Amino acid sequence: MLSIKNLHASVEGTAILNGINLEIKPGEVHAVMGPNGSGKSTLASVLAGREEYEVTEGEVYFKGKNLLELSPEDRAREGVFLAFQYPVEIPGVSSTNFLRTAVNQVREYRGQEPLDAVKFLALMKEKMKLVEIDQKLLSRALNEGFSGGEKKKNEIFQMAILEPTLSILDETDSGLDIDALKVVANGVNQLKSKDNATIVVTHYQRLLDYIVPDFVHVLFNGQIVKSGTKELALELEQKGYDWIKDEVSGTAV
Amino acid sequence: MSLSVKKDDKLSDLFLQTKPVPSGLEGFSGLKSEARQILLERGFPTTKNEEYKYTNISKRIADSIENPDAPSPISDTSQIESYRELLASIDGYEVVFNNGIPDLSQTDMSDAKFDAQLFSAMDASVAGRIGTIEKSEKDAFSALNTLSFSEGLFINIPDGTVVEKPIVLIHYVQADKNGDCIHPRYFVKSGKTSQATIIELTVYTGSQTVFVNALSEWSVAPNAHIRHYKLQDGHKDTLEVHNTSADVDRDATLMSVVLSLQAGMIRNNLSLNLNAGNCEGNMYGLYLLNGKTHVDNHTNVDHTQPNSDSNELYKGILTDHSRGVFNGKIFVRQIAQKTNAFQQNNNILLSEDATVNTKPQLEIWADDVKCSHGCTTGQLDEEALFYLRARGMSKESAKALLLYAFAGEVLDKISIEPFKKYCEKIVHERLGGSY
Ligand SMILES: Nc1ncnc2c1ncn2[C@@H]1O[C@H](COP(=O)(O)OP(=O)(O)OP(=O)(O)O)[C@@H](O)[C@H]1O
Ligand SMILES: [Mg+2]
């Protein structure tokens, strides 16, 4: 489904991703971990099409298409969804209007009929239940004045509405209380199917108790320096990153 | 002997010829000769004048205006189609200004709880109010209007009257030829505890170069609540100056909303004198500029007594080679303690050649006041744009959605629903969104 080969990216001339290789198949959950500043959000942003990041080398294919050639909106329409680490507050834009426009543009791209107001409302209701998000929140301007946790929930709500094939959750767990974490994880699990895949960027093993990964990758200095199964996350939780850093510099010497 | 005429004398030559005071307006001859005297002494502003530093409207007028007198009246304004649908949906009291001259013959006043009089037929008791709120010494174009108006309208909203339907002032402008100008003039006197909404539209038929030099005075009595919405939507060869001044008394509110959409050049001078306690002056503006349109909003709010509030929000979206100017003066006199004054001017530039000059000017002499001001000029928020696109919205519709949200904050101040809808629709179309 997603194939990343030797991906290098830089921002304002500074190299941040230094050769990422990653293969993701339908139905899989991949966890990406790694110390602050190692490039996790950069990877997520490059996949979603943020224009400040310049891809200097490598390739990314998504469902057989060259992802790097697509605009951010076309990536979303193809089924890529990024749950932002820091969702943007957009005053004056109503959550409902925005989502309906987005959904219908995605549907148009996929050759589906647009949803009318009634059908869209029904869809909203169904997905609101799934992530236990309050109606009041959605009647406000998009993310404006939302608490940290509310913003994260809203990301998962949007994901539920857009039904992506590849979801990239960038630290969706940070800022969530224990109950909200369970709700969000439960939402993600319910949306999981054999046809879609998830990349979970996180610092904490805790989330991975609920969203169980098939693979865990450690990103360091813009490279995946170690991959393993869910036991690797447990090991990181106990030992931190120093041993990996040592391993990396050990091989470098 | 050849006389060399200096360029900036052209306006004096054009406008300051002595002519008789129009019949019926003899009572204003003193006011008019004072205005003429001021113009003779001071002339018209150039960019050397601080107040007109960025707005060389004198030159634009000198270059394109040829005729100091209003063009002949339009034979039948009821045949003009523009705004028909809007006017029908507003269903207000329509008062026509025909090339600057108020024409009450078309206004259905049968159930109107206010009265309207022509200056030439007005009661001597109120004639003395004209020119007391907006004085000739304040601005050259204000003096020019006073010197040049050949009729005016006096609107009187009696004490305790709530005028339910909006009063719609429609300026129909039709030049005989390029280079005509008109000087519309009116005065609104609102009595104690009265309420009214005045909507003002200018309708240009044809594409001639015209100069509209309007002036209005507003007297807002204790506990009166008055709203004034003005739509400026001309074409690339319209030049407009609007001098608007209000005296606001205790417990009263005056709200002004000005939407500037198309023009060659517009200069709006808005002055609110908050003359008593617990009164409120609210000034809102939205300008969406393209081409070479130039819009200058100069506002002035004067807090002269304790406990008054002013709120101001002007927003602009500019593209192509357009230019926006904002200057907001706030005076808080020494005795005007407990004043609250807020001012904001925010601009989005969509092209490299569009410019904005914005300047807050605060003079605060009292110490126990809450004043704040801020101005921003920038591009569209890239983070927000990416967020919307990452959800599948096209770049164009994401842009339009963000711009519309930006503009919406001003449009939301309009409380007459059909007029608001109309403005929303044209702003929507202008921002090019298909969302
Ligand atoms: N727009 C930018 N301009 C300059 N530097 C940037 C920019 N974006 C990212 N960086 C730098 O790139 C590096 C990687 O950042 P990134 O956000 O991808 O890290 P991360 O792994 O997500 O970290 P965290 O765990 O703290 O979220 C950091 O050193 C960061 O400062
Ligand atoms: Mg990050």
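Above this note sits the structure.
Residues numbered from 1 in each chain as written. Chains lettered and ligands numbered in written order. Predicted model: local features only at pLDDT ≥ 70, side-chain atom pairs only at ≥ 80, totals over all residues. Heavy atoms only, no water.

Draft legend 1. Seen up close, the overall build of chain B. Each helix and strand in chain B was counted, giving 9 helices and 20 strands. The C-alpha atoms of chain B give 21 Å as radius of gyration, which agrees with the globular expectation for 435 residues (22 Å, within 12%). The buried share of chain B, taken over its 435 residues, is 57%. Taking contacts inside chain B between residues at least 6 apart in sequence as the whole, the part at least 24 apart equals 85%. Of the accessible surface of chain B, which amounts to about 17200 Å², a share of 47% is contributed by carbon and sulfur atoms. If you average the places of the 43 positive and of the 57 negative side-chain charges in chain B, the two averages end up 4 Å apart. (Helix = DSSP H or I, 4+ residues; strand = E, 2+ residues; numbered from the N terminus. Rg over C-alpha atoms; globule rule 2.2 N^0.38 Å. Buried < 20%, exposed > 50% of the residue type's maximum accessible area, 1.4 Å probe, protein only. Contact = heavy atoms within 4.5 Å. Areas by Shrake-Rupley, 256 points an atom, 1.4 Å probe, with all protein chains shown as cover. Lys, Arg positive; Asp, Glu negative; His and termini not counted. Charge placed at Lys NZ, Arg CZ, Asp CG, Glu CD.)

Draft legend 2. Representation of the site of ligand 1 in the model. Residue and element names in this part refer to chain A. In the neighbourhood of ligand 1, 14 residues make up the surrounding shell, with Gly37, Lys40, Ser41, Thr42 and His203 lying closest. In this structure, Asn36 approaches ligand 1 through a side-chain N or O atom, which is 3.0 Å from an oxygen atom. Between an oxygen atom of ligand 1 and a side-chain N or O atom of His203, the distance comes to 2.8 Å. For ligand 1, the accessible surface in isolation is 640 Å², of which the surrounding protein chains cover 63%. Considering only residue class, the shell around ligand 1 consists of 4 nonpolar, 8 polar and 2 charged. (Near = heavy atom within 4 Å. Polar contact = N/O pair within 3.5 Å; in protein donor to acceptor, adjacent residues only side chain to side chain. Nonpolar A, V, L, I, M, F, W, Y, C, P; charged D, E, K, R; others polar.)

Draft legend 3. Seen up close, the interface of chain B and chain A. Counting residues at the interface gives 18 residues for chain B, matched by 31 residues for chain A. Summing both partners gives a buried area of about 2000 Å² for chain B against chain A, and 62% of it is carried by carbon and sulfur. Considering only the side of chain B, the residues that lose the most area to chain A are B:Phe386, B:Tyr387 and B:Arg391, jointly responsible for 41% of the buried surface there. Summed over the shared surface of chain B and chain A, the number is 4 salt bridges. Note that B:Arg391 and A:Glu155 form a salt bridge whose closest N and O atoms lie 2.6 Å from each other. Viewed at the interface, chain A and chain B are joined by 13 residue pairs in polar contact (both at pLDDT 80 or more). Elements represented by at least two residues in the side of chain B that touches chain A include exactly helix H7 (382-389) and helix H8 (395-411) of chain B. When residues in the side of chain B that touches chain A are grouped by element, the largest group, 6 residues, is from H7(B). Residues that form the side of chain B that touches chain A fall into these classes: 10 nonpolar, 4 polar and 4 charged. (Buried area = accessible area lost by both parts, 1.4 Å probe. Salt bridge = Lys/Arg side-chain N within 4 Å of Asp/Glu carboxyl O.)

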